[in-house]
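Working through the structure, step by step
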Amino acid sequence: MILEGGVYNLLSSTQGPRTKLATARLPVHGGNVWDATSEFSIRTGKLIDFSSNISPVGPPRKVLRTIKDNLWKLGYYPQVDSFNLRSLIAKKHKGLTSENVIVGNGSCELIYLFADVFAQKGTTALIPEPTFSEYESAVRRTGGKVRGVMPKDNFNLDVKAIMDLASDCNIVMICNPNNPTGTLIERRELLKIIDHAKDRDSWVLIDEAFMDFIGNQKDYSLAREVRRHNNLFVLRSLTKFYSLAGLRIGYGLGSSRIIEALHSAKVPWNVNCLAQVAAEAALKDPKHAARVREHLLKERSFMMRRLKTIPRLRVHDSKTNFILINTRETGLTGKQISERSLKRGMMIRDCSSFRGLDKFYIRISMKTRRQNMILLDFLRSL
Ligand SMILES: Cc1ncc(COP(=O)(O)O)c(C=O)c1O
């Protein structure tokens, strides 16, 4: 693979048969610490990563112990379809069975799998803007088209516009809470979209990668609704909330019809044996989950209060573990701020790659109090 200015060519023209090979833009994400600095700086905490939305509390101790205790399994193939973990996840979401659950090598794998199965040339996916870019990439890769929907004021989802436009679309993909805006929409609003889509034989993907950070999930999560709505696929991730981004683990919930279709299209052994047991241990640790939520509540309200005192930043309200900030009045673009922050040992997400945002946005995630104070000092100095 040749890396060239953000574009990768799968093969150079001198290699292999003379077939025209596809080239694709590399997607832009936060958290690319490995390209930013040395392993030493990362390990010793010299680099603080505010650009990816990973909990600073770290993985539960039990998870680390479980990984150690299960290293002996490395010489064996993992359960091919993660059956034990699927059964545990089904129990957690009460009323579901393992037939309603698929496990992925991170939830991102499942976004692509869903698009591979349900999108194709001639189909259109409706995607509110701005949001996580992988929905669009996954749909376009299948030859499907993408239609955007602009938000209402303060980046709130425009449910009416979505319902109007959904009539001509085969898939609707919504992130709740939404990355990068931090907005959250109530389940009864989403149910209107799902019912409307069902009448038109369309599929709905709701990405709840950040739902665990929300305290009163029952007003927002659609996890249990997959029993009643056979056009609904709900995604969850364990990589952010349990700080397991490097391990890669996420899951999807749907009717047995959807899950069977996804299982028949996925590669076998997609989730390694350490990720399977680590996820089981994490999901059995409600105390850790409460600690992460408590930490977030404290740090988010602290950061909100302090950020709002910095004159030229326009801070958007957030219901989750990251905050979107408009930097226009500073005269500095997200890119300039992110470059300056790197020189000070911090990574901040420049949001100019998000469709629907201009170049004057940054996104920061909540870290420890000490790290958050360092970030505040930097932002004050702009
Ligand atoms: C909204 C959203 N969904 C899914 C993912 C993918 O997460 P993972 O594959 O680590 O579960 C991300 C990662 O940033 C995200 O922001």
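The structure presented is a predicted model; accordingly, all values stated were derived computationally and were not measured.

Helix and strand counts for the chain come out as 13 helices and 16 strands. A compact globule built from 382 residues should have a C-alpha radius of gyration of about 21 Å, and the chain, at 21 Å, falls within 12% of that. When the 382 residues of the chain are sorted by exposure, 41% land in the buried category. For the chain, contacts bridging at least 24 residues in sequence account for 68% of all contacts bridging at least 6.

On domain assignment, one finds that the chain holds domain 1 (29-58 + 287-380) and domain 2 (61-283). Each partner contributes residues to the interface: domain 1 has 26 residues there, and domain 2 has 22 residues. Mapped by element, the contributors of at least two residues to the side of domain 1 that touches domain 2 are helix 11 (286-307) and strand 13 (322-326). Here the side of domain 1 that touches domain 2 is built from residues that sort into eleven nonpolar, eleven polar and four charged.

Looking now at the packing of helix 5 (residues 107-118) against helix 9 (residues 256-265). At a minimum axis separation of 10 Å, helix 5 and helix 9 run at an interaxial angle of 100°. Comparing the axis directions of helix 5 and helix 9 gives the class roughly perpendicular. Residues Leu-113, Phe-114, Asp-116 and Val-117 of helix 5 touch helix 9, and the partners they reach there are Ala-261, Leu-262 and Ala-265. Grouping the constituent residues of the contact of helix 5 with helix 9 by class yields six nonpolar, no polar and one charged.

A separate point is the environment of Asn-270. Along the chain, Asn-270 falls in the loop between helix 9 and helix 10 (273-283). Judged by the 20 C-beta atoms lying within 10 Å of it, Asn-270 is buried. Separated by twelve residues in sequence, Asn-270 and Ile-258 place their C-alpha atoms 18 Å apart. Apart from residues no more than four positions distant in its own chain, Asn-270 is found in contact with Gly-104, Asn-105 and Glu-109.

To continue, consider the site of the ligand. In the region of the ligand, the neighbouring residues are Gly-106, Ser-107, Cys-108, Phe-132, Cys-175, Asn-179, Asp-207, Ala-209, Ser-237, Thr-239, Ala-245 and Gly-250. Its residues placed into classes, the shell around the ligand shows five nonpolar, six polar and one charged.

Relative to the elements of secondary structure, Val-277 occurs in helix 10. Among the residues examined, Val-277 registers 19 C-beta atoms within 10 Å and is labelled partly exposed. Taking C-alpha positions, Val-277 is 30 Å from Ser-133, a pair spaced 144 residues apart along the chain. Aside from chain neighbours lying at most four places away, what touches Val-277 is Thr-66 and Asn-70.

Here the focus is the sheet that holds strand 7 (residues 145-149). Strand order in the open sheet formed by seven strands is 5-11-10-9-8-6-7, with mixed pairing between adjacent strands. In the strand order of this sheet, the two ends are held by strand 5 (101-104) and strand 7, each with one partner. Neighbour to neighbour, the strand axes of the sheet diverge by 20° on average, direction disregarded. Here strand 6 (residues 124-128) runs beside strand 8 (residues 171-175); their pairing, made up of two bridges, is parallel. Residue pairing for strand 8: Ala-125 is matched across the bridge by Ile-171. With respect to the sheet, helix 4 (residues 83-92) is in contact with strand 5 and strand 11 (250-254), its orientation differing from that of strand 5 by roughly 125°. In the packing of helix 8 (residues 187-199) onto the sheet, contacts are made with strand 8, strand 9 (203-207) and strand 10 (232-237), and the angle to strand 9 comes to roughly 155°.

If you walk across this open sheet you meet the four strands as 12-13-16-15, and the pairing is antiparallel. If you trace the sheet from one side to the other, it starts and ends with strand 12 (314-315) and strand 15 (349-350), each paired once.

The next subject is the pairing of strand 5. Burial along strand 5 is two-sided: the face carrying Val-101 and Val-103 and the face carrying Ile-102 and Gly-104 are both buried. Sheet topology places strand 5 next to strand 11; four bridges connect them, and they run antiparallel. When the sheet's bridge partners are listed, Ile-102 is paired in strand 11 with Gly-252.

The rules behind these values
Residues numbered from 1 in each chain as written. Predicted model: local features only at pLDDT ≥ 70, side-chain atom pairs only at ≥ 80, totals over all residues. Helix = DSSP H or I, 4+ residues; strand = E, 2+ residues; numbered from the N terminus. Rg over C-alpha atoms; globule rule 2.2 N^0.38 Å. Buried ≥ 20, exposed ≤ 12 C-beta atoms within 10 Å, placed from the backbone. Contact = placed C-beta atoms within 7 Å. Domains from an automatic or database assignment. Nonpolar A, V, L, I, M, F, W, Y, C, P; charged D, E, K, R; others polar. Axes fitted to C-alpha atoms, helices over the stretch in contact; angles between N-to-C directions. Parallel < 35°, antiparallel > 145°, perpendicular 65-115°, else oblique. Near = placed C-beta within 6 Å. Pairing = 2+ DSSP bridges.

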